[in-house]
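Coordinate analysis (summary)
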Amino acid sequence: AEVLSRNAMLRLLLERRTMEELQDDRVMLGAKDLFCKYAKCDNVWMEVCSKAAAVVLVSVVSSKDGVWLSVALTLGMALVTGLVQP
């Protein structure tokens, strides 16, 4: 566990160094928040779940019962988010 922790810290320090070297690059500056968000890998599964729900929501809207399925999916995601509280 300690070796994994050291490897994670080393990777984070290398990423930080790279980000500091590329401070003039606008793309890297915009991506800095995104990289920092996923650096610890906390609640990544929740992000994947919300992205999948968004895709399903878009595909469900055009179906015959789109309104009801959209409401059900939205309430389901609200329930999951409320229970997990990421």
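If you're wondering where the values come from, they're calculated on a predicted model, not measured in any experiment. (Residues numbered from 1 in each chain as written. Predicted model: local features only at pLDDT ≥ 70, side-chain atom pairs only at ≥ 80, totals over all residues. Heavy atoms only, no water.)

**Comments concerning a nonpolar patch on the surface**
- Taken together, the side chains of W45, L79, L83 and V84 present a nonpolar region at the surface, about 440 Å² in accessible area.
- Here the nonpolar patch gets 3 residues from one element, more than from any other, and that element is helix 4 (residues 66–84).
- With respect to the secondary-structure elements, L79 resides in helix 4. (Patch = residues over 30% accessible without salt bridge, like charges linked within 9 Å, V, L, I, M, F, W, Y side chains within 5 Å. Areas by Shrake-Rupley, 256 points an atom, 1.4 Å probe, with all protein chains shown as cover. Salt bridge = Lys/Arg side-chain N within 4 Å of Asp/Glu carboxyl O. Helix = DSSP H or I, 4+ residues; strand = E, 2+ residues; numbered from the N terminus.)

**Observations regarding helix 4**
- Taking 1.5 Å per residue as the helical rise, helix 4 with its 19 residues ought to reach 27 Å, and the 27 Å between its terminal C-alpha atoms agrees with that figure.
- The set of residues buried in helix 4 consists of G66, S70 and M77. Along the axis of helix 4, the buried positions cluster into a sector of 35 degrees, meaning they face one direction only. Summarising the geometry of helix 4, the exposed residues directed more than 90 degrees from the buried face are W68, L75, L79 and L83.
- Considering only its buried residues, helix 4 is in contact with helix 3 (44–61).
- Following helix 4 by one or two positions, Q85 adopts a phi angle in the positive range, close to 50 degrees. (Expected span 1.5 Å × (residues − 1). Buried < 20%, exposed > 50% of the residue type's maximum accessible area, 1.4 Å probe, protein only. Arc of directions from axis to C-beta. Contact = heavy atoms within 4.5 Å.)

**What to know about helix 3**
- For helix 3, built from 18 residues, the straight-helix expectation of 26 Å at 1.5 Å per residue is met to within 8% by its first-to-last C-alpha distance of 26 Å.
- Those residues of helix 3 not exposed but buried are M46, A53 and V60. Seen along its axis, helix 3 keeps its buried residues to an arc of 50 degrees; they face one direction. Residues of helix 3 that are exposed and point more than 90 degrees away from the buried face comprise V48, K51, V55 and V58.
- Close packing links the buried residues of helix 3 with helix 4.

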